[in-house]
Structure formats: C-alpha cells, structure tokens
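One letter stands for each residue in the lines below.
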Amino acid sequence: MTKTILTIVITWVLVLSSTLSKGQQVQSKKIDLSGSWAFAIDSLDQGVKEKWFNKKFGDKVRLPGSMTTNGKGDEITLKIHWTGDTRPDGAYWKDSSYAKYRQPENIKVPFWLQPNKVYVGPAWYQKEVTIPKSWSGQHIALFLERCHWETMLWIDGKQAGMQNALGAPHRYTLDQLLTPGKHTLVLRIDNRIKDIDPGRDAHSISDHTQTNWNGIIGKLELIARPTAYLSSIQLYPDIDKKVVLVKVTINNIAANSDPFEVNMAVQSKSAKKKSLPILTKMVRLGKDTTQLTFTYNMGPDPALWDEFTPNLYTMKISLKGKKTLDTKDVTFGMRQFVTKGQQFLVNKRPTFLRGTLECAIFPKTGFPPTDKTAWARIYKICQSYGLNHVRFHSWCPPEAAFAAADEAGIYLSVECSAWAAIGDGKPIDKFIYEESKRIVNAFGNHPSFCMLAYGNEPAGTHSKEFLTSFIKYWKEKDARRLYTSGSGWPIIPESDYNSTGDPRIGFWGTGFNSVLNNGTPRTDYDWSSIVNKWPQPTVSHEIGQWCVYPDFKEIKKYDGVLKPKNFDIFYDRLKENHLETLADSFFYASGKLQVLCYKNEIEAALRTPNFGGFQLLDLHDFPGQGTALVGVLDPFWNSKGYVSAAAYSSFCNAVVPLFRTKKLIYKNDEFLDGIIEIANFGRSPLKQVTPKWQLKNQAGKILFQGHLKTTDIAIGNNLVLGHLKHPLSTFSRPEKLSLQINVGDYQNSWDIFVYPSQHQNIGNDILVTQTLDEKALHTLDAGGKVLLTTKKGIIKENDGGNVMVGFSPIFWNLYWSNNQPPHTLGILCDPKHPAFSEFPTDYYSNWQWQDGLLHCNAIRLDHLSKDLKPIVRIIDDWYTARPLGLIVECSVGKGSLLISGIDLLTDNENRLEAKQLLYSLKAYMSGPQFNPSVSLSPQSIRNIFK
C-alpha cells in the first residue's frame, strides 16, 4: 500500500462556487438493504463447511432487526445457553420454592427479563441486489451500522471478509466484487463468545440487559462513491488558538494523478446559521492512500460547546477532481475537556460530573435504538433530574446517541465493549485496542464524547500493566478526550482521572458498616479524606444501588420482546403470603426511602471539595443481575411516581444549596445548628445573591425565616454562605419540620425532627418489659396492659431473627449480593394511627426511624396469627415477601399486649428517638383507642423467642 502524508497550514483562498460542471458524478449513491432477507439457522455450525453461501434459504426475516424480533430461535428451557452469570449455585436452581418455575411449560427466571426465544450461534442472512450501470468503476462499500456480533460476508459465493466490531459499524469494501448487474449477498452472523471473550456479563453482549441478540440494526446500505474519495475526517478543535486541526484521509483506488481541489466550509448549526468562509487548497494524491493535515481558522470568537450552550458547527469538506466530487459533512463543537489538579475543566470552567449509567437496557427491542429521537428523550429526562453525564457501562452506543448528546450538551463516557480479564496475552487484548480505534474513528468528532475507558472492573494478572500501556497509547494519539484505566479500578498514575467506588456510602460487602446504618442521622460528612489521596480528579463509581419494591403495574408496559417473568415470580410470593393488596404501599413507601438515601449520597458528593463527580447506578432500573430495582425511573425511563424530576433536581443539579449539620434529630432545648453552603457548577458565578432560609411545619406553614449576607458566589463547591443557629425552645410538642434554603433560583430542603427534652409521667398502669415473664403474664391475666420491647437478637431465626434489618434499603439485590444486609426496604405504617400522636411520621421510613431499625427484630406475623395487622410493618425483600411486623398489638387473656420489635429501653437516655417513640406508644396504650382485636395465646408468643 502506498501512503502519502501531507501537512498543510493553508494560505486560504476564497472559493466563490463549488458547483459541479457537466459530466461530474453524483457525490454518493446508496442502495437501502432494509426489508426482507432470506434466512437460515445454523445451529450445528455446518454452514461454512457445507457452503451455505451458495444455497438459497427458505425462511424470511426483516432487517433491521434481530432473530428475536422476528420470532426466531429456541424455546426457553432449563438447558438454554444464556449469556451471563445465572448463579448456578443459587436458590433458583435448587430451592423447592422455585420448582414450579423450572417446569418445561412454565420456565421463569428471576435474574433478568426473559425473551420468548433465545439463540446463540451462527445464522445466515441472504439478499439479492442489483447494481446499476452508473456504479461501474466506483468505490462500493457495504455499511452495517450495528451488528451482533461477528459477521462474515460472501458475494456470489466469494468470501469478502470478516468483521467483529461490537461498538462500531461493520464496513466492507467491495470494489472488485460488485459490478453492474445482479448479485447475492450472504451474511453469516455469529453471536457466540469464541476466542475473543469480552466477558459474558459485559453489557455489549449479555442477556442481563440488551440480550445477546443475533442480527443487524440501524442503517444497512450499499454506498457507491468516486474512485478518489474521503475515507476519514478527524477534527481536533483548539479553543485557545481558535482553530480546528483537520486530518483527512483520502483513498485513490484508481491511482488518479490529476490535481484535486479540497474545499472546506464551516457553518454554525445554531438558529443564526453563521457561516465562515469557504476555503480551498490544491493537492495531488498518492497512488492509494493520502493523509492531509489542515489548520482551519474559526474566526475571532467561535461559539463554544458545553452542557449549558451546546453550540455545534458543521464542516463540509469536498474533494473535487476533473470529473468527480466527493463530500462529507462532519458535526463538531469547539470544546476543551481537560483536568487541572483534582478538577475537570470544560472550556476552562470547573465542572462536576453528575452522571448515570446506561447499561443497554431496552426491553421493547432487546437492542439499543439507532434513531436520534429516542436518545434525545433519554438525555432530556436525565437533564430534568439534574444530570449532565452518562456512562455507557461496558458498551458503546450507536451514532444517534452521540448526535443527540451533542445537541443536548451531555458529557459521555464510552467503553470498549468489555468487562473482562485482560492483559494476559489472550485475543481480548488485541480486540480492545482494535475496538477502541474503531470507536474513536467512528465517533471521535462528537464533542459529547469526552471520556474513554477500556471497560468495566477489569480482572487479569497483568491487567494493570496492560491498562497503563493502553492509556499511554491513547493520550499520545488523541487529546480530544480524557482516559482512565477501567471503570471501578485500578487507580494508576497514568490515568487522566480515577474511577473508584471508594467515595460512596454503600458497596459490595458493606453490610451495616455505612453511615446510613451507624451513628445518628447527619449531613456533615464528605469524601475529602479519600479523594485527596490522589492528584487527579476522582469520579465515584456506581454510587447508590438503593432498591425499591417492584411496581407490578409496570408489567403491562412490556409489550416487546422481553417479558418481566421475574415480576411474575415476585408477585406470586406476595400472593402466597396474602400481601398482594399491599403491593402499591410497599412500592411507594420503599421508594420514598430510596430517594432519601440517594439525596444523602448525592449531597455528600456535592459537599466534597476537589471532587470530580459521581456516576449513579442508576437513574433507572437495572433489570438484570438478579433484578436490581435501583432506579427512581423504570427501565423505560418513565417516572415511578414517588419523586418528581423537580424534587430530585433540588439536590442533584448544577447549583445546589447544602446544609452541614451534625444531626437531624434535636431536643427542644437545643439549637438547630449547621453551616449553609453551596455547590455552584452552573454557567457562571452568581452575583449579589441573598441566601434565605425557612423553617416550616408539616402543613407547610412558615414558622421562622431569615437570610444571610448578600454575596457573590464563585464557581465551585464547599463554598460557605453562613452559619444557621436557631433555638428550638418554642416547640413544646414533637414536630417534623422542614428546613428550606433558597439561593437565587435554587432551593433545597431537609427534614428536621424536634422532640421535647422532658415528658410528663404517663402510663403508670403499663408494664414495660423486655421479656414475657411471669410478671408480664400475671399482669395480662389480670386484664392489665403490657408493652413488650424486645432486645435485638431475641427472636428465633425462622420467626424473623434471620431477617437482618437496617435503615438503608437493600443494596443491589439479595440474590446477587449473596444476601448482603440489610434485607429489608424500610417501614410501612399509617401516620394517622394514634400510636404516633407523639411521634410524627409519614407512612415510610424517615430519619426518625433510623435508630429504631438499627435496634430491632423483625417479627414473622404469620407465625403468630394470619389475622394480625401490625401498627408498623417492615417491608421484606421481594424474593421472599414475608409478612413482617415491627410493632404489633394483640389481646392475651383478659389483658392487652403491645409488642415492639424495637428495643426501646437499652441506653434510651442517649437514644432520643427511642425515648420519644416509647412515650408515644405509652400515650396510645393509656387511652381508649388501645383495644386490640386479635387474641393470641401466651405460648404462641413465647414460641417466637429464643
């Protein structure tokens, strides 16, 4: 191959016209190959050996599409070859409770959405095409936008090559194989993991999310172009010099030695449509490939691209010969995405990444959309929830995702289709380099393409050395974006930024060892001690993962190829325990707790100085890996209804008021005490702003308010606005308050609980005990009242003692996390119940329940009585859906008993919430409304205790 490289800093000449003269050929011609294709399944992998490329296929499918969308493949059985970890030692495969879901006529799996059919192996696709005479002597290419996975191509029985890109188009050059007339195209598509192993759980191929589909989506077309054509254009904006470095690769398959004219014109894509001059340069091409480098001046004041002003330009480049013309339009933005110390700078302004993952979750089709409208909708939703960043976990999206992000102003992090063991010399190592080159070549001009990693959480003995070389390679080759090793780990000096799960609340193995399950509710912590260990920016990896109960109303939305048969299993569990009427209540109550935890985690990130940002797992649900219901949106990016975008963006946004306080539960002889600060990563500093605060009651009435000093607010975070210290002595009764802070147009709020420091002496006729001893039984026999407040750990395993209760909800899901605690999703109660007259509560968990849930036992209600209706329920894991109580009441003999699963006595002088709840329960028991209707025997109660 002959390659000529020309570097040209052009002395530009204005071109008045670039119209074609008579006889010049059309820029490009296309034949759309979408529609009906002949089809055959090659389950025994005999097609190549038996020369199926010379056969006619009898079946039909429609492309773009997959075998699944065409109803092709194998029926689901227990022996199906899934692509993804199914936890073969898990309960599904062994436990008798899943036996009915393992029957041939009723196969249902709990660990992901389920297609009606699955196929892993080679399949053959065939189509006849007619090449027009006008294409004679042209460069002809086959363009397949997104294939899954490996393609082999034959033209009229002659092999034309093999492609194996997962994250970029498959392109075949067919200059010598397609002449005018009829031809037969045969594609063999193989979706097996063979020598190249990107990891069976990688979202580029896994059944966990998009499915391991077989087929082609997006554009399928033959393209004819002149014999001298623009093969590649890569644009490198420089906002400092106000120029664009243009690297052009030209192929000259006819070895035309005539001079060619290269023209360039740039036009703004904004409403004003500002155009820059059309400029030209004469060049001579080499015999095969010529690389040209130009410098294009963008004028004195180019419009920059970022999340606030996503200004775009189109560069039109033409290659004009005596009788040929080839043109390409390239969209780009004048954008600089770099680091300075521990911060990201976008066009020299500090930014904070507020991101979510996108894990190829598309239940209707089982593959990603290739239209810009679908992606624009996703990004618009992300922005409405305050996000500016999306990470594509172990996959790369199609062109439309980049184009929509360009227009929306979303910063994208892309990965090279892998979640793998790397660095040990296996074929995956070479594949990652090749895949990264394909991705950058296809999508590198998009200003939204800001970050690149090999993939997710690498394994491999020599992975660190491999990734060090990988980062060095790309940093030297292309400075348009930032590079890191892998999402999650390892941290290496060569990375432009770190991706690590260290600065977050919960992670695998945390259990109860998190700030949400230790100490008292507070907002005074951040991750400074973690991120300050490294000189480069740190992005927190996959934060959150807080679960919510399934929304069974969601089932009807699944009208595509994937069905929520996992939800069928979970709903059956509810019905088996006679809890189906509580499904919605469990969903909404757990959703409120989920939002509280996300708020707490996101604010901790925003409070942290010198922090790069976070990536949520996830803004919407992750339906795989055991069913991880971690989103406030469903898998279709629709709201679940328990938090609005406006409410969520009050604590997750470019500008967020913050409140640092050591506690959120106060006595009324104390002061509400904390620091008001702000994170401002908005478009510009805030000028002459007067921060204001209000303290409201549950009805929304403003009880107290004030303001801080008028000030200018710079870009950044950890910016202190003032100290709030307000006496709480006016609150003689227990109160749930809301502290609201307004800074300009931005508002945030926190729930504050205030309890009296002194109580009246009530309930002298109530026996408060921690054991159902003879004294308690005697009191009940005499018609008295007993409050049994159990010590933690006193309940037998099968009666609730094996339920590990915490304040935070389930992390990821219990099936996949090996039963990592907590096992529950908060509480459900009636806030109007008289038991809470002195303990204000909503129907869901809030901070005043943290102490109680960390000092409690769950009680199996069905082991006491199927008729027992608790005052407070604990919401169990959806895999088991056990009826669990926290506070219950019953009659025993002539007396009345209230059982508290919370230990309300131990150290209660230092447990303000426990002391107040005990007082409220005693106040309830002292009144006439305490009249339990369900009767239990003493022995049935004693049976649940160790």
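Residues numbered from 1 in each chain as written. Predicted model: local features only at pLDDT ≥ 70, side-chain atom pairs only at ≥ 80, totals over all residues. Heavy atoms only, no water.

**Focus on unusual backbone geometry**
To keep it simple, the criterion reads: The secondary structure listing takes helices from DSSP runs of H or I that are at least 4 residues long and strands from runs of E that are at least 2 residues long, numbered from the N terminus.
Looking along the chain, the bond that leaves histidine 148 and enters tryptophan 149 is cis, with omega of 5 degrees. Counting through the fold element by element, tryptophan 149 comes out in the loop between strand 11 (139-148) and strand 12 (150-155). Here tryptophan 489 and proline 490 are connected by a cis peptide whose omega angle stands at -10 degrees. Mapped onto the elements of the fold, proline 490 is located in the loop between strand 31 (482-484) and strand 32 (498-500). Located in the positive-phi region is glutamate 542, a residue other than glycine, with phi close to 55 degrees. Topologically, glutamate 542 is positioned in strand 33 (residues 538-544).

**A short note on the side chain of serine 204**
Using the following cut-off: Contact criterion: two residues are considered in contact whenever any of their non-hydrogen atoms come within 4.5 Å of each other.
Along the polypeptide, serine 204 turns up in the loop between strand 15 (181-190) and strand 16 (215-225). Apart from the residues lying within four places of it in its own chain, the contact partners of serine 204 are His148, Leu166, Gln210, Ser394, Trp395 and Ser417.

**Observations regarding the nonpolar core**
Here is the rule we go by: We call a set of buried Ala, Val, Leu, Ile, Met, Phe, Trp, Tyr and Cys residues a nonpolar core when their side-chain atoms join them within 4.5 Å. Burial classification: accessible surface area is computed with a 1.4 Å probe over protein chains only, and a residue below 20% of its type maximum counts as buried, one above 50% as exposed, and the rest as partly exposed.
Trp375, Tyr379, Tyr648, Trp849 and Leu886 are the most contacted members of the largest nonpolar core, which totals 191 residues. The element that contributes the greatest number of residues to this core is helix 8 (residues 583-607), accounting for 13 residues. In terms of nonpolar packing, the next biggest core, distinct from the first, is built from 29 residues, Ile131, Ile140, Leu185 and Leu187 among them.

**Notes on the UniProt feature "domain: Glycosyl hydrolases family 2 sugar binding" (unreviewed entry) in the protein chain**
As a reminder of what qualifies: UniProt positions are given in the numbering used here, feature names are shortened, and annotations may be inferred rather than shown by experiment.
Mapped onto the present numbering, the UniProt feature "domain: Glycosyl hydrolases family 2 sugar binding" (unreviewed entry) falls at residues 33-226. For residues 33-226, the end-to-end C-alpha separation is 21 Å, with 2% helix and 40% strand making up the annotated structure.

**Describing the packing of helix 2 (residues 372-384) against helix 3 (residues 399-408)**
Here is the rule we go by: Each axis is a line fitted through C-alpha atoms, taken for helices only over the stretch in contact, and angles between the N-to-C directions span 0 to 180 degrees. Here is the rule for angles: anything less than 35 degrees is roughly parallel, anything more than 145 is roughly antiparallel, 65 through 115 is roughly perpendicular, and the remaining ranges are oblique. Crossings are assigned a handedness: left-handed for a near helix turned anticlockwise from the far helix by less than a right angle, right-handed for a clockwise turn. Here the nonpolar group is Ala, Val, Leu, Ile, Met, Phe, Trp, Tyr, Cys and Pro; Asp, Glu, Lys and Arg are the charged ones; every other residue, Gly included, is treated as polar.
Contact geometry of helix 2 with helix 3 gives a least axis separation of 8 Å together with a crossing angle of 45 degrees. The pairing of helix 2 with helix 3 is recorded here as oblique in orientation. Crossing handedness for the pair helix 2 and helix 3: right-handed. Between helix 2 and helix 3, the residues in contact are Lys372, Trp375, Ala376, Tyr379 and Gln383 and Ala400, Ala401, Ala403, Ala404, Ala405, Glu407 and Ala408, respectively. Taken together, the residues of the contact of helix 2 with helix 3 break down into nine nonpolar, one polar and two charged.

**Regarding the sheet that holds strand 10 (residues 122-131)**
The line we're drawing: At least two DSSP bridges between two strands are required for those strands to pair.
One open sheet holds the six strands; their spatial order is 5-4-10-15-12-13, and the pairing between them is antiparallel. In this open sheet, the two strands that pair with only one neighbour each are strand 5 (59-63) and strand 13 (158-163). Taken over all neighbouring pairs, the strand axes of this sheet differ in orientation by 30 degrees on average, direction set aside. Two strands pair when backbone bridges link them, and strand 10 and strand 15 are joined in this way by ten bridges, in the antiparallel orientation. Residue pairing in the sheet places glutamine 126 in a bridge with valine 186 of strand 15.

**Quick word on helix 12 (residues 912-925)**
Residues that lie three or four places apart on an α-helix share one face, since the helix turns once every 3.6 residues. This is how the line gets drawn: One less than the number of residues in a helix, times 1.5 Å, gives the span that helix is expected to have.
Across its 14 residues, helix 12 extends 20 Å between first and last C-alpha, which sits within 8% of the 20 Å expected from 1.5 Å per residue. Within helix 12, twelve of the 14 residues are buried, which leaves the element mostly enclosed by the surrounding structure. Within the span of helix 12, buried status applies to Leu912, Glu913, Ala914, Gln916, Leu917, Leu918, Tyr919, Ser920, Leu921, Lys922, Tyr924 and Met925.

**A few points about the pairing of strand 33**
Buried residues dominate strand 33, accounting for seven of its seven residues. Examined bridge by bridge, strand 32 and strand 33 share three bridges and lie parallel to one another. Counterpart to serine 499 in the pairing with strand 33 is valine 539. Pairing of strand 33 with strand 35 (residues 613-617) involves four bridges; the strand directions are parallel. Within strand 35, the position partnered with valine 539 by the bridge is glycine 613.

**A closer look at the pattern of salt bridges**
How we decide: When a carboxyl oxygen of Asp or Glu is within 4 Å of a side-chain nitrogen of Lys or Arg, the pair counts as a salt bridge.
Summed over the entire model, instances satisfying the criterion amount to 49 salt bridges. Linking arginine 354 and glutamate 307 is a salt bridge whose minimum nitrogen-to-oxygen distance equals 3.6 Å. In this pair, arginine 354 is assigned in strand 27 (residues 353-358) and glutamate 307 in the loop between strand 21 (289-297) and strand 22 (313-320), connecting sequence segments 47 residues apart. Each member of the pair, arginine 354 together with glutamate 307, is buried. The closest approach of N and O atoms between arginine 882 and aspartate 876, which form a salt bridge, is 2.8 Å. Given a relative accessible area of 2%, aspartate 876 falls into the buried group. Within this structure, Asp45, Glu150, Arg188, Asp190, Arg192 and Lys194 form a network of salt bridges that share partners.

**Thoughts on the side chain of aspartate 842**
We count it as follows: Two N or O atoms count as a polar contact when they lie within 3.5 Å, although within protein this holds only if one can serve as hydrogen donor and the other as acceptor, and sequence-adjacent residues are included solely when both atoms are side-chain atoms.
Locating aspartate 842 in the fold gives a position in the loop between strand 48 (824-829) and helix 11 (850-853). Look at aspartate 842 and you get buried, because its relative accessible area is 17%. Among the polar contacts listed, one links the side chain of aspartate 842 to the side chain of lysine 736, at a separation of 2.5 Å. Beyond its immediate chain neighbours, meaning those up to four positions away, aspartate 842 contacts Gln698, Lys736, Cys829, Pro831 and Gln848.

**Let's talk about the sheet that holds strand 43 (residues 716-727)**
Sheet architecture is open: three strands sit in the order 36-38-43, paired in antiparallel fashion. Strands with a single pairing partner mark the edges of an open sheet, and in this sheet they are strand 36 (655-660) and strand 43. If you compare each strand with its neighbour and ignore which way they point, the axes differ by 25 degrees on average. Here strand 36 runs beside strand 38 (residues 671-680); their pairing, made up of six bridges, is antiparallel. Residue pairing for strand 38: valine 655 is matched across the bridge by asparagine 680. Of the strands in this sheet, strand 36, strand 38 and strand 43 are in contact with helix 8, which crosses strand 36 at around 95 degrees.

**Quick look at the packing of helix 4 (residues 427-443) against helix 5 (residues 463-477)**
Put simply, helix 4 and helix 5 touch, their axes get as near as 12 Å, and they point 25 degrees apart. Considering the angle they form, helix 4 stands roughly parallel to helix 5. Considering how the two elements wind past one another, helix 4 and helix 5 form a crossing that is right-handed. Every residue of helix 5 that contacts helix 4 at Asp429, Ile432, Tyr433, Ser436, Lys437 and Val440 is listed here: Phe466, Ser469, Phe470, Tyr473 and Trp474.

**Describing the packing of aromatic side chains**
Which entries qualify depends on this criterion: When two rings of Phe, Tyr or Trp (its six-membered ring) have centres within 6.5 Å they constitute a pair, described as stacked for plane angles under 30 degrees, edge-to-face for angles over 60, and tilted for the intermediate range. In this scheme, the term charge over a ring applies when either NZ of a lysine or CZ of an arginine sits within 6 Å of the ring centre and within 35 degrees of the ring normal.
Scanning the model with the defined rule gives 65 aromatic pairs in all. With a centroid separation of 5.6 Å and an interplanar angle of 20 degrees, the aromatic rings of tyrosine 313 and phenylalanine 332 are classed as stacked. Of this pair, tyrosine 313 sits in strand 22 while phenylalanine 332 sits in strand 23 (residues 325-332), and the two are 19 residues apart along the sequence. Residues tyrosine 313 and phenylalanine 332 agree in their burial class; the two are buried. Between the aromatic rings of tyrosine 815 and tryptophan 816, the centroid separation amounts to 6.0 Å while the plane-to-plane angle is 25 degrees, which identifies the pairing as stacked. Positioned above the aromatic ring of tyrosine 236 is the side chain of lysine 247, whose terminal nitrogen or guanidinium carbon lies 4.9 Å from the ring centre.

**Digging into the pairing of strand 30 (residues 449-453)**
With five of its five residues buried, strand 30 lies for the most part within the structure. Where strand 29 (residues 411-415) lies against strand 30, four bridges are found, and the strand directions are parallel. Of the residues in strand 30, the one forming a bridge with glutamate 415 is alanine 453. With three bridges joining them, strand 30 and strand 31 adopt parallel strand pairing. Counterpart to leucine 452 in the pairing with strand 31 is tyrosine 483.

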